[in-house]
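Examining the three-dimensional arrangement
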Number of protein chains: 2
Amino acid sequence: MYVIVVYDVDQKRTGKMLKLCRRYLHWIQNSVLEGELTPMQLKQFKAEAHKLMQDNDSLIVFASRDEKWLEKEVLGAERGSTDTFL
Amino acid sequence: MYVIVVYDVDQKRTGKMLKLCRRYLHWIQNSVLEGELTPMQLKQFKAEAHKLMQDNDSLIVFASRDEKWLEKEVLGAERGSTDTFL
C-alpha cells in the first residue's frame with residue numbers, strides 16, 4: 001500500500017514521532033511522510049504511533065492500494081529526496 | 001478528483017496560504033487540507049498557490065481520481081470537521 005502520514009503532535013513528542021515515522025516511511029515535508037508499506041507494517045506503525053500519542057495529538061494516515069492511483073505534484077521547493085510522480 | 005494538500009511556507013505567508021487553501025479545500029490538520037476539486041479548480045488553485053509562494057516555500061498536491069481509492073484513518077484527536085472514512 002502507498003501510504004501518506006501527516007501528524008500534529010505536542011512539541012515534546014515531535015522528535016520521537018519523526019523517528020518512529022522514519023523507520024517506516026520517507027520524510028517529504030514538515031510532519032509529512034510517504035512510502036510503501038505492507039498491511040502488516042502499516043498495522044505495526046499505527047500501533048506504535050498510538051502508544052506514543054497523548055492528549056490532543058493527531059495523526060492521519062492516507063492509504064492507497066496502489067501508488068499509481070495517486071498523483072503527486074510538488075510546487076516550489078522539494079524537501080524530501082523522492083522524485084515528483086506527475 | 002479527491003485532493004490532499006500539505007504545505008510548508010514561510011511564517012510570513014502561512015496566513016495567506018491557509019486562506020487560499022480554505023477557498024478550495026477543508027482544513028483537517030496543521031497545514032493539511034483535503035477535498036473534492038474538478039481538474040479546472042485544481043489548476044486554478046495551483047496557479048494561485050504558485051503566485052503566492054516564494055523562495056523555499058513548498059506545497060505538495062496529492063490527487064486521486066476517486067475518493068474511494070484512498071482510505072483515510074485519523075489516530076488520536078480529529079482536528080477537521082470531516083468524518084473518518086475507514
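The name given to chain A in an unreviewed UniProt entry is CRISPR-associated endoribonuclease Cas2, with Cesiribacter andamanensis AMV16 as the source organism. For the record of chain A, the UniProt heading Sequence similarities (unreviewed entry) holds the text "Belongs to the CRISPR-associated endoribonuclease Cas2 protein family."

1. A look at the interface of chain B and chain A
Listed by partner, the interface residues are 36 residues for chain B and 36 residues for chain A. The largest share of the area that chain B buries against chain A comes from B:Gln29, B:Phe62 and B:Leu75, three residues that together contribute 21% of it. Between chain B and chain A we count six salt bridges in total. For the salt bridge of B:Glu73 with A:Lys46, the shortest nitrogen-to-oxygen distance reads 2.5 Å. Here chain B and chain A share 24 residue pairs in polar contact (both at pLDDT 80 or more) between them. Looking at the side of chain B that touches chain A, the elements with two or more residues in it are strand 1 (2–8), strand 2 (26–29), strand 3 (32–36), helix 2 (39–52), strand 4 (58–64) and strand 5 (70–76) of chain B. Each residue belonging to the side of chain B that touches chain A can be placed in one class, and the counts come to 20 nonpolar, seven polar and nine charged. Looking at chain direction, strand 5 (residues 70–76) of chain A and strand 4 of chain B are connected through seven bridges and run antiparallel.

2. Here we look at the packing of helix 1 (residues 11–24) of chain A against helix 2 (residues 39–52) of chain A
All names here are of chain A. At a minimum axis separation of 10 Å, helix 1 and helix 2 run at an interaxial angle of 170°. It follows that helix 1 is roughly antiparallel to helix 2 by the angle criterion. Contact residues: Arg-13, Lys-16, Met-17, Leu-20, Cys-21, Arg-23 and Tyr-24 in helix 1; Gln-41, Gln-44, Phe-45, Glu-48, Ala-49 and Leu-52 in helix 2. Among the residues forming the contact of helix 1 with helix 2, the class breakdown is seven nonpolar, two polar and four charged.

3. A closer look at the UniProt feature "binding site: Mg(2+)" (unreviewed entry) in chain A
In this structure's numbering, the residues bearing the UniProt feature "binding site: Mg(2+)" (unreviewed entry) are A:Asp8. In this structure, A:Asp8 sits in strand 1 (residues 2–8). Residues within four places of A:Asp8 in sequence aside, it is in contact with A:Asn56, A:Asp57, A:Ser58, B:Gln29, B:Asn30 and B:Arg79.

4. Examining the side chain of A:Arg13
Along the chain, the position of A:Arg13 falls in helix 1. Excluding anything up to four places from it in sequence, A:Arg13 contacts A:Leu52, A:Gln54, A:Asp55 and A:Asp57.

5. Description of the pattern of salt bridges
All names here are of chain A. Enumeration according to the criterion identifies 18 salt bridges over all chains in this entry. The salt bridge involving Arg-13 is made with Asp-55; its shortest N-O contact spans 4.0 Å. Note that Arg-13 is positioned in helix 1 and Asp-55 in the loop between helix 2 and strand 4 (58–64), a separation of 42 residues in sequence. We note a salt bridge from Arg-23 to Glu-48, for which the minimum N-O separation is 3.0 Å. Taken as a pair, Arg-23 in helix 1 and Glu-48 in helix 2 lie far apart in primary sequence, 25 residues in all. When salt bridges with common partners are traced through the structure, they connect Arg-13, Asp-55 and Asp-57 into a single cluster.

Quick notes on the rules
- Residues numbered from 1 in each chain as written.
- Chains lettered and ligands numbered in written order.
- Predicted model: local features only at pLDDT ≥ 70, side-chain atom pairs only at ≥ 80, totals over all residues.
- Heavy atoms only, no water.
- UniProt positions renumbered as here; feature names shortened; annotations may be inferred.
- Contact = heavy atoms within 4.5 Å.
- Buried area = accessible area lost by both parts, 1.4 Å probe.
- Salt bridge = Lys/Arg side-chain N within 4 Å of Asp/Glu carboxyl O.
- Polar contact = N/O pair within 3.5 Å; in protein donor to acceptor, adjacent residues only side chain to side chain.
- Helix = DSSP H or I, 4+ residues; strand = E, 2+ residues; numbered from the N terminus.
- Nonpolar A, V, L, I, M, F, W, Y, C, P; charged D, E, K, R; others polar.
- Pairing = 2+ DSSP bridges.
- Axes fitted to C-alpha atoms, helices over the stretch in contact; angles between N-to-C directions.
- Parallel < 35°, antiparallel > 145°, perpendicular 65-115°, else oblique.

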